[in-house]
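# Survey of secondary and tertiary structure
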Amino acid sequence: MNIVKKIMLVVIPFISISVSAEVTQFSLCTFNDGKKMADVQAWLVDWRKLAKSAGKQYQLKLLNPNAGGDQIHPGSQFGMLGTTPTLTTYGDGWDWWYSADEARKLRERLQSLASCGANSIWVSTD
């Protein structure tokens, strides 16, 4: 029995333990003059194609506000919700977004549609 305990003390530290920690990013965006949700939805279709072709593990959804506090303005704002499996894939996705030539045009296009801020990044604990 003593030998089993010694073996376990040596083996356990080397066992890989997997932890689920999905990363979620939220941005609140305000439409630029003359722009609407249909414009942003068309941009999202192109963004998804590019992200997929680049092999990025990042999903992006648009949120249309229905009600909220004083800082939420339905009709003039929208939310963007991004998700990715880990902090590593999050970093890889955002490094690509801000440095890759193929992402530049879509980045500039988004900036022509809306101003985004109030960014927050969340990591799940389960």
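Values in this document were obtained by computation on a predicted structure and should not be read as measured data.

The rules we used
Residues numbered from 1 in each chain as written. Predicted model: local features only at pLDDT ≥ 70, side-chain atom pairs only at ≥ 80, totals over all residues. Heavy atoms only, no water. Helix = DSSP H or I, 4+ residues; strand = E, 2+ residues; numbered from the N terminus. Buried < 20%, exposed > 50% of the residue type's maximum accessible area, 1.4 Å probe, protein only. Contact = heavy atoms within 4.5 Å. Areas by Shrake-Rupley, 256 points an atom, 1.4 Å probe, with all protein chains shown as cover. Pairing = 2+ DSSP bridges. Axes fitted to C-alpha atoms, helices over the stretch in contact; angles between N-to-C directions. Polar contact = N/O pair within 3.5 Å; in protein donor to acceptor, adjacent residues only side chain to side chain. Salt bridge = Lys/Arg side-chain N within 4 Å of Asp/Glu carboxyl O.

Along the backbone of the protein chain there are four helices and four strands. Written out in order from the N terminus, the α and β elements of the protein chain read α-β-α-β-β-α-α-β. Considering the protein chain as a whole, with its 126 residues, one finds that 29% of them fall into the buried category. The long-range fraction of contacts in the protein chain, counting pairs at least 24 apart against all pairs at least 6 apart in sequence, stands at 75%. In the structure as shown, the protein chain presents an accessible area of about 8,700 Å², 57% of it carried by carbon and sulfur atoms.

It is worth spelling out the sheet that holds strand β3 (residues 77-84) at this point. Spatially, four strands are ordered β2-β3-β1-β4 in an open sheet, and the strand pairing comes out antiparallel. Unpaired on one side and paired on the other, β2 (59-63) and β4 (114-123) mark the two borders of the sheet. Strand after strand, the sheet turns through a mean of 20° between neighbouring axes, direction not considered. When strand β1 (residues 23-31) meets β4, the two strands line up antiparallel, connected through eight bridges. Pairing of Phe26 across the sheet is with Ser120, part of β4. Contacting β1, β3 and β4, helix α3 (residues 87-99) runs over the sheet at an angle of about 35° to β1.

Time to look at the environment of Asn66. The topology assignment puts Asn66 in the loop between β2 and β3. Along the primary structure Asn66 and Phe78 are separated by twelve residues, whereas in three dimensions their C-alpha atoms are 9.7 Å apart.

If you trace the backbone, Gln25 turns up in strand β1. A distance of 3.2 Å separates the side chain of Gln25 from the side chain of Trp94, its partner in a polar contact. Excluding anything up to four places from it in sequence, Gln25 contacts Tyr58, Met80, Leu81, Gly82, Tyr90, Trp94, Asn119, Ser120 and Ile121.

On to the pattern of salt bridges, then. Taken as a whole and judged by the stated rule, the model has three salt bridges. When the shortest N-O distance is used, the salt bridge between Arg109 and Asp46 registers 2.6 Å. One end of the pair, Arg109, is in helix α4 (residues 101-113); the other, Asp46, is in helix α2 (residues 37-53), with 63 residues separating them in the sequence. Asp92 is the salt-bridge partner of Lys56, the closest N and O atoms lying 3.0 Å from each other. Of this pair, Lys56 sits in the loop between α2 and β2 while Asp92 sits in helix α3, and the two are 36 residues apart along the sequence.

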